[in-house]
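Chain by chain, the residues run as shown.
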Amino acid sequence: MTRKQRRLALIASGLVVVGLAVGLASFALRDNIVFFYSPSELAAKPAAAAGARLRVGGLVKQASLQREGGQTVRFVVTDMKNDVPVTYTGLLPDLFREGQGVVAEGALRPDGLFHADSVLAKHDERYMPREVADALKKQGVWQEGGATPGGAAAAEK
């Protein structure tokens, strides 16, 4: 074997090892990848999202919060165009309330009910999870500069 052939074999084997490592890492992380959807995006493709692990974000719809004994709650996440009913069992964040931004992580059932296993709420007056703010901006609902998201749109309804 010439020197050039040995060098080429070494480079090729290095690329195979790197490719194998990337493939194994992707395989190991495939269950941990969670996609974010707004209620309008879920309405556009509900069959594709049914059963898959995902995050849904928007605002907690006014007058939608219902407590069902114990720690189970039902509420509706909205982007002012479409709604997603959510059920969650557990302790809600202290700042969770109607009209505030929320991200729920879990799975969408075939009947359209989203079963969340974690719920995140904004932690001060200026913070909204980036995905939620981007989705609301895209829909024309979000207002910059400290205005309450959905404040004007919610008042019109």
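Everything below is about the structure shown above.
If you're wondering where the values come from, they're calculated on a predicted model, not measured in any experiment. Position numbers for residues count from 1 along each chain, tracking the sequence in the order it is written. Given that this is a predicted model, residues contribute local features only at a pLDDT of at least 70 and side-chain atom pairs are listed and counted only at 80 or more, while totals for whole chains, interfaces and linings are drawn from all residues. The basis for the side-chain values is all heavy atoms of the structure; hydrogens and waters are excluded.

1. Describing the pattern of salt bridges
Piece 1. We count a salt bridge whenever a side-chain nitrogen from Lys or Arg sits within 4 Å of a carboxyl oxygen from Asp or Glu. Following the criterion strictly, the structure yields four salt bridges and no others.
Piece 2. In this structure, the salt-bridge partner of glutamate 68 is arginine 74, at a minimum N-O distance of 2.5 Å.
Piece 3. Burial classification: accessible surface area is computed with a 1.4 Å probe over protein chains only, and a residue below 20% of its type maximum counts as buried, one above 50% as exposed, and the rest as partly exposed. Since its relative accessible area comes to 31%, arginine 74 is described here as partly exposed.
Piece 4. It is possible to trace a salt-bridge network through shared partners that takes in Arg53, Glu105 and Asp117.

2. What about the packing of aromatic side chains?
Working definition: an aromatic ring pair is given by the centre-to-centre distance plus the angle between the planes.
Piece 1. The criterion for an aromatic pair is that two Phe, Tyr or Trp rings (for Trp, the six-membered ring) have centres within 6.5 Å, with stacked assigned to planes under 30 degrees apart, edge-to-face to planes over 60 apart and tilted to the rest. Counting across every chain of the model gives one aromatic pair.
Piece 2. Between the aromatic rings of phenylalanine 75 and phenylalanine 96, the centroid separation amounts to 4.9 Å while the plane-to-plane angle is 65°, which identifies the pairing as edge-to-face. In this pair, phenylalanine 75 is assigned in strand β4 (residues 72–78) and phenylalanine 96 in the loop between β5 (83–89) and β6 (101–108), connecting sequence segments 21 residues apart.
Piece 3. Given a relative accessible area of 1%, phenylalanine 75 falls into the buried group. Under the scheme used here, helices are H or I runs from DSSP no shorter than 4 residues and strands are E runs no shorter than 2 residues, and both carry numbers assigned from the N terminus.

3. Remarks on the side chain of threonine 72
Piece 1. Tracing the chain through its elements places threonine 72 in strand β4.
Piece 2. Look at threonine 72 and you get buried, because its relative accessible area is 18%.
Piece 3. Between two residues, a contact is recorded if the distance between any of their heavy atoms is within 4.5 Å. Each residue touching threonine 72, except ones within four places of it in the same chain, is listed here: Gln66, Arg67, Thr87, Tyr88 and Thr89.

4. Brief notes about the pairing of strand β7 (residues 114–121)
Piece 1. Sheet topology places β5 next to β7; three bridges connect them, and they run parallel. If you follow valine 86 over to β7, its bridge partner there is phenylalanine 114.
Piece 2. Pairing between strands is defined by DSSP: at least two bridges between the two strands are required. In terms of strand pairing, β6 meets β7 through seven bridges, oriented antiparallel. Paired with glutamate 105 across the two strands is serine 118, which belongs to β7.
Piece 3. Taken together, β6 and the strand that follows it, β7, pair antiparallel across an intervening segment of five residues, in which glycine 112 is found at a positive phi of about 95°.

5. Looking at the nonpolar core
Piece 1. Note on terminology: a nonpolar core comprises buried Ala, Val, Leu, Ile, Met, Phe, Trp, Tyr and Cys residues joined through side-chain atoms within 4.5 Å. With 20 residues, the main nonpolar core has Phe75, Val86, Phe96, Phe114 and Val119 as its most contacted residues.
Piece 2. Looking at this core, the elements with two or more residues in it are β2 (53–60), β4, β5, β6 and β7.
Piece 3. Counting residues per element, this core draws most heavily on β7, which supplies four residues.
Piece 4. Excluding residues that lie within four positions of it along the chain, phenylalanine 114 makes contacts with Leu54, Val56, Val84, Pro85, Val86, Thr87, Ala104, Glu105, Gly106, Ala107 and Leu108.

6. Side note on the pairing of β2
Piece 1. Among the eight residues of β2, six are classified as buried, and the element is accordingly described as predominantly covered.
Piece 2. Inspection of the sheet shows strand β1 (residues 35–37) paired to β2 by three bridges, in the parallel sense. Bridge pairing links tyrosine 37 to valine 56 in β2.
Piece 3. Judged from the seven bridges that link them, β2 and β6 form a sheet pairing that is antiparallel. Residue valine 56 lies in a different strand from β6, and its bridge partner there is alanine 104.
Piece 4. Pairing between β2 and β4: two bridges, direction antiparallel. Residue pairing in the sheet places leucine 59 in a bridge with threonine 78 of β4.

7. Notes on a positive patch on the surface
Piece 1. On the surface, a cluster of positive charge is contributed by Arg3, Lys4, Arg6 and Arg7.
Piece 2. Relative to the assigned elements, arginine 6 resides in helix α1 (residues 3–29). Candidate patch residues must exceed 30% relative accessible area and have no salt bridge, after which like charges are joined if within 9 Å and Val, Leu, Ile, Met, Phe, Trp or Tyr side chains if within 5 Å. Note on areas: these come from Shrake-Rupley sampling with a 1.4 Å probe, and a residue is covered only by the protein chains present in the view. In this tally, Asp and Glu contribute negative charge and Lys and Arg positive charge; neither His nor the terminal groups of the chain are included. Positions of charges follow a simple convention, taking NZ of Lys, CZ of Arg, CG of Asp or CD of Glu.

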